[in-house]
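A look at the structure
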Amino acid sequence: MKKFFCVLLFAILCLFAFGGLSGADPKAYDYCGFINPSGKLGESERAALEASLEEIYGMYGLSVFLCLLSDEDMSMSDYVMDFYEHSVAPWIAPEGEINYCLIFAWDEKTGDNHAAPFSAADGLVMEAFPPDYLNSAISSVSSSLGSASSTFKALSNLADALQKRAGEYFPRTLRASL
């Protein structure tokens, strides 16, 4: 019995010791994602958006993060920069697997929004998604943040538009060569 308790204690200590390592990873999300701390959308809508964003990443190597927030205590431009610094920058190539990135953030309570492109090396993402395109895209979504169903439809339409635009600028073979 004493041996059993020693093994059990050792297993528990290992969980604490190695469990903390997984939380030390600065990457908050995968290489793309829908961040929904506002809780406005349900699990099925979230899964559908995640699938669309994963498809964009898989086909074109473009990481897209859509952040739907509620009553943040900072401007959305500051949120985007903070998100980039802590959740994306550690994974930018050549050390990481993110080469091209778009981050969109909306605060549904205040209406504040911001979108920004980031690139590891060249200006391809800046050329494909210039400020006027991003401002137009984010404005179309911001005007639809009323109900959950219209929010999902607007975000889904945005993901479709981003995928179409990526298809015009990013060759499908780009992801395979990364």
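Here is a short report on the structure shown in this document. Fair warning: this is a prediction, and the values are worked out from it, not measured in the lab.

What counts as what
- Residue indices follow the written sequence of each chain, beginning from 1 at its first position.
- Local features in a predicted model are, by the rule used here, given only for residues with pLDDT of at least 70; side-chain atom pairs are given and counted only at 80 or more, and totals for whole chains, interfaces and linings are based on all residues.
- Excluding hydrogens and water, the side-chain values take into account all heavy atoms of the structure.
- The buried label applies to any residue whose accessible area, calculated with a 1.4 Å probe on protein chains only, is under 20% of its type's maximum; exposed applies above 50%, and partly exposed to all values in between.
- Under the DSSP-based scheme used, a helix requires at least four consecutive residues in state H or I and a strand at least two consecutive residues in state E, with every element numbered from the N terminus.
- Think of it this way: DSSP has to see at least two bridges between two strands before they count as a pair.
- Note on geometry: axes are lines fitted to C-alpha atoms, helical ones only across the stretch in contact, with angles between N-to-C directions running from 0 to 180 degrees.
- Any two residues whose heavy atoms approach within 4.5 Å are treated as being in contact.

For strand E3 (residues 100-107), a buried count of eight out of eight residues is recorded, marking the element as mostly surrounded by other parts of the structure. Side-chain alternation along E3 places Tyr100, Leu102, Phe104 and Trp106 on one buried face and Cys101, Ile103, Ala105 and Asp107 on a second face that is also buried. Relative to E3, strand E2 (residues 62-69) runs parallel, the two being bridged by eight bridges. Residue pairing in the sheet places leucine 68 in a bridge with tryptophan 106 of E3. In the sheet, E3 pairs with strand E4 (residues 113-119) via seven bridges, with the strands oriented antiparallel. Within E4, the position partnered with alanine 105 by the bridge is histidine 114. Adjacent in sequence and paired antiparallel, E3 and E4 are bridged by five residues, among which glycine 111 carries a positive phi angle near 85°.

Moving on, we get to the sheet that holds E2. Overall, mixed pairing links the four strands, which are arranged E1-E2-E3-E4 in an open sheet. For this open sheet the edge positions go to strand E1 (33-35) and E4, each flanked by a neighbour on one side alone. For this sheet, the mean inter-axis angle between neighbouring strands, taken without regard to orientation, is 10°. As paired elements, E1 and E2 share three bridges and run parallel to each other. Paired with glycine 33 across the strands is phenylalanine 65, a residue of E2. Here helix H3 (residues 76-88) sits on the sheet and contacts E1, E2, E3 and E4; the angle it forms with E3, its principal contact strand, is near 140°. Docked against the sheet, helix H5 (residues 131-142) engages E3 and E4, running at close to 35° with respect to E3.

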